Amino acid sequence: MKNKIFVLKCESYSQDLIYERLKKAVDLLEFKNIPEKILIKPNMLSARRPEEGVTTHPSIISSLIRIFKDKKIIIGDSPANIEKPIEEYWQKCGYKEIAEKYNVPLKKFESSIPLEIVIKNKIYKIPITSLIDEFSIINVPKFKTHNLTTLTLGIKNLYGLIPGITKSILHSKFINPYDFSYFLVEFYKKIEEKIFLTVVDGIIGMEGDGPSSGKLRKIEYIIVGEKPVYVDYACCKLIGIEPEKVDFMKIYKERYEFEDVEIIGDFEEIKNFQLPSTKKYFFIKNRFFSKFLIPLSKVFKIIPYIDEKKCKRCYACFNVCPVKAISNDLKFNRKKCILCFCCFEVCPYKAVKMKKSFIARFFT
């Protein structure tokens, strides 16, 4: 059986328009069994307003609640910045208003259960929200680029099922971006059967140096399907790149092979979609060079730093750092820094920048 993926034209965040498009796709997927308990998992990377294009738009969430209104629904996530009250996230992202309107609970992922994953013959016990035992998941990512994984879509959004700061700590175990993508694939395969539906918010996406500081781009599509990997496949096709150009898609194909995919919808390829800078991150992402990244760090550096003029001292970077490389006065310990860029990812004020050494500037 082919995996049906719907690429639906949607020019605005009109709730009625989104509801119409999503309802049609859900009906055409012809689900035999719809779960009684559903966890809607948005991309809630940071406490940002919907118009900033960093998080899943609340109109998508609202429409899904309307479609599955006869089921028990919760909205859940757990940002890496554990110090900022999650109520601020719910409020700024627009989910609190939706939750109150439809009387849907908002759940922070706090309690967890261990998930055993084998990565290259080594066993890792990964905490995952205990809600996964009770609820099936509607996975609702934002269509964005990502400086480590190239794109952050359906598979990457599931990483958010890992509670709080553990997400950033895992970067210290999978320093190489390719290894991190390998982990994402294995993590996804472990929970694949719990994913009921994936809906990518691609009405307004992000290109360039995402996932939080890139450029907003009108894509004007919603991408809908059951399995995240094939939704991600369709997203790659939509922006005119082969899925194998994205590490986690390449790894998935090598380990599990792609099934047949039927992309349904009269869509036009998005031209000149800008991926993260290959020059800026080449030595970090390249599997050969990255092995020598630590010993070469004295002469070749691409490192994060804090722009004091933009910094509001919210301490998001300090709290998220998995190896405690940022001090109380927001200075970096370069010996500890593993270049995971979690600080760059969570900063709500775009105050974390990238600085290149002379050698890095020479080669890039």
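The structure we're discussing is the one just above.
Below or above, wherever it landed, is the structure these notes cover. These figures come from a predicted structure and were not determined experimentally.

Of regular secondary structure, the chain possesses 14 helices and 14 strands. Counting over 364 residues, the chain shows a buried share of 57%. At a minimum sequence separation of 6, the contacts of the chain that also span at least 24 residues come to 74%.

Okay, the packing of helix H2 (residues 58-67) against helix H4 (residues 95-102) next. Relative to each other, H2 and H4 sit at 20 degrees, their axes nearing to 9 Å. Here H4 runs roughly parallel to H2, going by the angle between their axes. Helix-helix and strand crossings are classified by hand; for H2 and H4 the assignment is right-handed. Residues Pro-58, Ile-61, Ser-62, Ile-65 and Arg-66 of H2 touch H4, and the partners they reach there are Tyr-95, Ile-98 and Tyr-102. Grouping the constituent residues of the contact of H2 with H4 by class yields six nonpolar, one polar and one charged.

A word on the packing of aromatic side chains. One pass over the full model with this rule turns up 15 aromatic pairs. Measuring from ring centre to ring centre gives 5.6 Å for Phe-68 and Phe-196, while their planes differ by 75 degrees; the resulting arrangement is edge-to-face. Placement of Phe-68 in the loop between H2 and strand E3 (72-77) and of Phe-196 in strand E10 (residues 195-207) is noted, with a sequence separation of 128 residues between them. Take Phe-68: its relative accessible area is 3%, and that puts it in the buried class. For Phe-196, a relative accessible area of 8% translates into the label buried. A ring pair is formed by Tyr-233 and Phe-258, whose centres lie 5.5 Å apart and whose planes are at 85 degrees; its orientation type is edge-to-face. Of this pair, Tyr-233 sits in helix H8 (residues 228-238) while Phe-258 is found in the loop between helix H9 (247-256) and strand E12 (261-264), placing the two residues 25 residues apart along the sequence. Among the aromatic side chains, those forming a connected cluster through ring pairs are Tyr-124, Tyr-159, Phe-174, Phe-180, Phe-183 and Phe-187. Directly above the aromatic system of Tyr-19 lies the positively charged group of Arg-66, at a separation of 4.1 Å from the ring centroid. Residue placement shows Lys-189 over the ring face of Tyr-256; its charged tip is 4.7 Å from the ring centre.

Enumeration according to the criterion identifies 20 salt bridges in this entry. Between Glu-52 and Arg-49 there is a salt bridge, with the nearest N and O atoms lying 3.8 Å from each other. A relative accessible area of 43% places Arg-49 in the partly exposed class. Note that Arg-217 is salt-bridged to Glu-207, the shortest N-O span being 3.0 Å. With a gap of ten residues between them, Arg-217 in strand E11 (residues 215-225) and Glu-207 in strand E10 connect regions that are remote in the sequence.

Residues Phe-143, Leu-161, Phe-183, Phe-187 and Ile-223 are the most contacted members of the largest nonpolar core, which totals 57 residues. Put simply, the parts of the chain that give this core at least two residues each are strand E1 (3-9), strand E5 (112-119), strand E6 (122-129), helix H7 (177-191), E10, E11, H8 and H9. With nine residues, H7 is the largest single contributor of residues to this core. Sequence-distant contacts of Phe-187, that is, excluding residues within four places in its chain, are made with Leu-115, Ile-117, Ile-126, Ile-128, Leu-158, Tyr-159, Leu-161 and Ile-162. Counting residues in each nonpolar core, the second largest holds 38 residues, with Leu-8, Ile-40, Ile-61 and Phe-196 among its members.

Bringing the side chain of Ser-212 into the picture now. Note on placement: Ser-212 falls in the loop between E10 and E11. Of note is the side chain of Ser-212, whose polar atom sits 3.4 Å from the backbone oxygen of Phe-344. Beyond its immediate sequence surroundings of up to four residues, Ser-212 is in contact with Leu-45, Arg-48, Val-54, Met-206, Phe-344, Glu-345 and Lys-350.

Right, let's talk about H2 for a bit. Counting buried residues in H2 gives nine out of ten residues, a clear majority hidden from the surface. Within H2, burial applies to Pro-58, Ser-59, Ile-60, Ile-61, Ser-62, Ser-63, Leu-64, Ile-65 and Ile-67.

When H4 is considered as a whole, its buried residues turn out to be Tyr-95, Ile-98 and Ala-99. The arc that holds every buried residue of H4, seen down its axis, measures 100 degrees, which confines them to one face. In this structure, H4 carries Glu-97, Glu-100 and Lys-101 as exposed residues pointing more than 90 degrees from its buried face. Close packing links the buried residues of H4 with helix H1 (15-29), strand E2 (37-42), H2, helix H3 (86-93) and strand E4 (106-108). Once H4 ends, the next one or two residues include Asn-103, with phi positive near 55 degrees.

Next up on the list: the environment of Lys-245. Here Lys-245 is to be found in the loop between H8 and H9. Judged by relative accessible area, which is 64%, Lys-245 ranks as exposed. Along the primary structure Lys-245 and Thr-150 are separated by 95 residues, whereas in three dimensions their C-alpha atoms are 8.7 Å apart.

Here E5 pairs with E6 via eight bridges, running antiparallel. Considered in E6, the bridge of Ile-119 is made with Lys-122. Between the end of E5 and the start of E6, which pair antiparallel, lie two residues, with Lys-120 showing a positive phi angle near 50 degrees.

Two elements in contact, H8 and H9, have axes whose closest approach is 11 Å; the angle formed by their N-to-C orientations is 125 degrees. Taken together, the axis directions place H8 and H9 in an arrangement best described as oblique. Pair H8 / H9 crosses with left-handed handedness. Contacts between H8 and H9 involve Val-229, Tyr-230, Asp-232 and Tyr-233 on the former and, on the latter, Phe-248, Met-249 and Tyr-252. Class assignment for the residues of the contact of H8 with H9 results in six nonpolar, no polar and one charged.

Cut-offs applied
Residues numbered from 1 in each chain as written. Predicted model: local features only at pLDDT ≥ 70, side-chain atom pairs only at ≥ 80, totals over all residues. Heavy atoms only, no water. Helix = DSSP H or I, 4+ residues; strand = E, 2+ residues; numbered from the N terminus. Buried < 20%, exposed > 50% of the residue type's maximum accessible area, 1.4 Å probe, protein only. Contact = heavy atoms within 4.5 Å. Axes fitted to C-alpha atoms, helices over the stretch in contact; angles between N-to-C directions. Parallel < 35°, antiparallel > 145°, perpendicular 65-115°, else oblique. Left-handed = near helix turned anticlockwise from the far one by under 90°. Nonpolar A, V, L, I, M, F, W, Y, C, P; charged D, E, K, R; others polar. Phe/Tyr/Trp six-rings, centres within 6.5 Å; stacked < 30°, edge-to-face > 60°. Lys NZ or Arg CZ within 6 Å of the ring centre and 35° of its normal. Salt bridge = Lys/Arg side-chain N within 4 Å of Asp/Glu carboxyl O. Core = buried A, V, L, I, M, F, W, Y, C linked by side-chain atoms within 4.5 Å. Polar contact = N/O pair within 3.5 Å; in protein donor to acceptor, adjacent residues only side chain to side chain. Arc of directions from axis to C-beta. Pairing = 2+ DSSP bridges.

Honestly, that's just the spatial picture; any functional story needs more than this.
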